[in-house]
Amino acid sequence: MAQIVVFGRVMHELVPKEGQSKQQYVCFDLMERSGNTPPDYYQVWARGDDVTRLMRLKVKKGSMIWLTGSQKLVDVRQKDGTTVKKLKIWLTDFGFLPGQSSKAKSTSEQHDPDEAAPVPSPSEVMDGDREPLPE
């Protein structure tokens, strides 16, 4: 598995379900578009507290979000019996992109510290042992 950060649009309404272990989960597709290339689609899975947070913040079809998670390429069986490869992400964190938020939030929820975290910044590269470049 690889760690991934994705910026994209939620493609359908989130519908929480209950698994065999009685744990709540939700699965949704996220479309990432970069430049003029065809969009990439990811299947995102969230469990437990992440589901509660997704629903409380009213993430829905059309929401523009960033998310982090563990990514894996898996085989998915289609309804017609064929098998295709799909990128699957197990959600670890998410937030709305700047300018995006839930329009239905109350005033008290707008100041909730557990709201949607800010967009993560790229990690800085620390290279203290670098030699000076020749002149």
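Note that the structure is a prediction, hence the values are computed from the model and not measured. (Residues numbered from 1 in each chain as written. Predicted model: local features only at pLDDT ≥ 70, side-chain atom pairs only at ≥ 80, totals over all residues. Heavy atoms only, no water.)

**Q** What is the right way to read the packing of aromatic side chains from this model?
**A** Remark: the centre distance and the inter-plane angle together describe each pair of aromatic rings, the angle taken between the planes. What the rule picks out here adds up to one aromatic pair. Measuring from centroid to centroid gives 5.7 Å for Tyr25 and Trp45, while their planes differ by 20°, and the two rings are stacked. Placement of Tyr25 in strand β3 (residues 24-32) and of Trp45 in strand β4 (residues 40-47) is noted, with a sequence separation of 20 residues between them. For Tyr25, a relative accessible area of 24% gives the class partly exposed. In this structure Trp45 comes out as partly exposed when scored by relative accessible area, which is 24%. Note that Arg53 overlies the ring of Phe94, its terminal NZ or CZ placed 4.4 Å from the centroid. (Phe/Tyr/Trp six-rings, centres within 6.5 Å; stacked < 30°, edge-to-face > 60°. Helix = DSSP H or I, 4+ residues; strand = E, 2+ residues; numbered from the N terminus. Buried < 20%, exposed > 50% of the residue type's maximum accessible area, 1.4 Å probe, protein only. Lys NZ or Arg CZ within 6 Å of the ring centre and 35° of its normal.)

**Q** Which parts of the structure should I look at to understand the environment of Thr68?
**A** Relative to the helices and strands, Thr68 is located in strand β5 (residues 64-77). For Thr68, a relative accessible area of 16% corresponds to the buried category. Between the C-alpha atoms of Thr68 and Ile4, which are 64 residues apart in sequence, the distance is 5.6 Å. Residues within four places of Thr68 in sequence aside, it is in contact with Ile4, Val5, Trp90, Leu91, Thr92 and Asp93. (Contact = heavy atoms within 4.5 Å.)

**Q** Can you help me understand the pattern of salt bridges in this one?
**A** Where charged atoms from two side chains of opposite charge approach closely, those side chains can pair. Under the definition given, this model contains two salt bridges. The closest approach of N and O atoms between Arg53 and Asp93, which form a salt bridge, is 3.1 Å. Here Asp93 lies in strand β6 (residues 83-96) and Arg53 lies in helix α1 (residues 49-56), a separation of 40 residues in the sequence. (Salt bridge = Lys/Arg side-chain N within 4 Å of Asp/Glu carboxyl O.)

**Q** Teacher, can you tell me more about the side chain of Glu32 here?
**A** If you trace the backbone, Glu32 turns up in strand β3. Among buried charged residues, Glu32 stands out as having no salt bridge; its nearest opposite-charge side chain is Arg33, 10 Å away. Within the local environment of Glu32, its side chain forms a polar contact with the side chain of Tyr42, the two groups lying 3.0 Å apart. Ignoring any residue separated from it by four or fewer positions in sequence, one finds Glu32 in contact with Val6, Phe7, Gly8, Pro39, Asp40 and Tyr42. (Lys, Arg positive; Asp, Glu negative; His and termini not counted. Polar contact = N/O pair within 3.5 Å; in protein donor to acceptor, adjacent residues only side chain to side chain.)

**Q** Can you help me understand the environment of Gln71 in this one?
**A** Relative to the assigned elements, Gln71 resides in strand β5. Relative accessible area serves as the criterion here: at 15%, Gln71 is assigned to the buried category. Along the sequence, Gln71 and Gln43 sit 28 residues apart, while their C-alpha atoms lie 9.5 Å from each other. Not counting residues within four places of it along the chain, the set of residues in contact with Gln71 comprises Met1, Ala2, Ile4, Tyr42, Leu87, Lys88 and Ile89.

**Q** Any chance you could explain the pairing of β6 here in plain terms?
**A** A regular strand carries its side chains on alternate faces of the sheet. As paired elements, β4 and β6 share four bridges and run parallel to each other. Counterpart to Trp45 in the pairing with β6 is Trp90. Judged from the 13 bridges that link them, β5 and β6 form a sheet pairing that is antiparallel. Across the sheet, the residue bridging to Val74 is Lys86, located in β6. Linking β5 to β6, which pair antiparallel, is a turn of five residues; within it Gly81 sits at a positive phi near 95°. (Pairing = 2+ DSSP bridges.)

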